[in-house]
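Each chain, written out:
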Amino acid sequence: MMRELVTRTSLIVGLFGSSQNASCPDDEHNNILKAIQTKNAELAEQLLISHLNHIQSGLDMESRQEPQDDLAAILGMD
């Protein structure tokens, strides 16, 4: 289930993510992991919800990109 969720989330972010909110703050994932490792469920939940809200705020579901045939352009390597 997690693999499918990560895959779908990555595709959605790739299609609808804005360049303004393209990356997560440096410590965001690490803080979630630390909360899980220390079995602090309440903090882990809070940090995860905040993380997902950050990702969602960077999505622009209204914009549609034109399909590209150039693989380098799709991967942002042009």
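The structure reproduced in this document is the subject of the present report. A quick note: this is a predicted structure, and the numbers were derived from the prediction, not measured. (Residues numbered from 1 in each chain as written. Predicted model: local features only at pLDDT ≥ 70, side-chain atom pairs only at ≥ 80, totals over all residues. Heavy atoms only, no water.)

What about helix 3 (residues 41-57)?
The cut-off we apply is this: In this description a helix means any DSSP run of H or I spanning at least four residues, a strand means any run of E spanning at least two, and both kinds are numbered starting from the N terminus. Working rule for helices: expected span equals 1.5 Å times residues minus one. The rule is simple: take the accessible area with a 1.4 Å probe, protein chains only, and divide by the maximum for that residue type; under 20% is buried, over 50% is exposed, in between is partly exposed. Note: the arc covers the axis-to-C-beta directions of the helix. Contact between two residues is taken to exist if any of their heavy atoms lie within 4.5 Å; hydrogens are not considered.
For helix 3, which comprises 17 residues, the first-to-last C-alpha distance of 24 Å matches the rise-based estimate of 24 Å (1.5 Å per residue) to within 8%. When we look at burial in helix 3, the residues that qualify are Ala44, His51 and His54. Here the buried residues of helix 3 occupy an arc of 90 degrees about the axis, which is enough to place them on one side. Exposed side of helix 3, more than 90 degrees from the buried face: Ala41, Glu42, Glu45, Gln46 and Gln56 are the residues found there. Where helix 3 is buried, its residues contact helix 2 (28-37).

As for the pattern of salt bridges
Short version of the rule: Should a side-chain nitrogen of Lys or Arg be within 4 Å of a carboxyl oxygen of Asp or Glu, the pair is scored as a salt bridge.
The final tally for this structure, using the stated rule, is 1 salt bridge. Salt-bridge contacts for arginine 8 lead to glutamate 4; the nearest nitrogen and oxygen are separated by 2.8 Å. With arginine 8 and glutamate 4 both in helix 1 (residues 2-16) and 4 residues apart, this pair spans about one turn of that helix.

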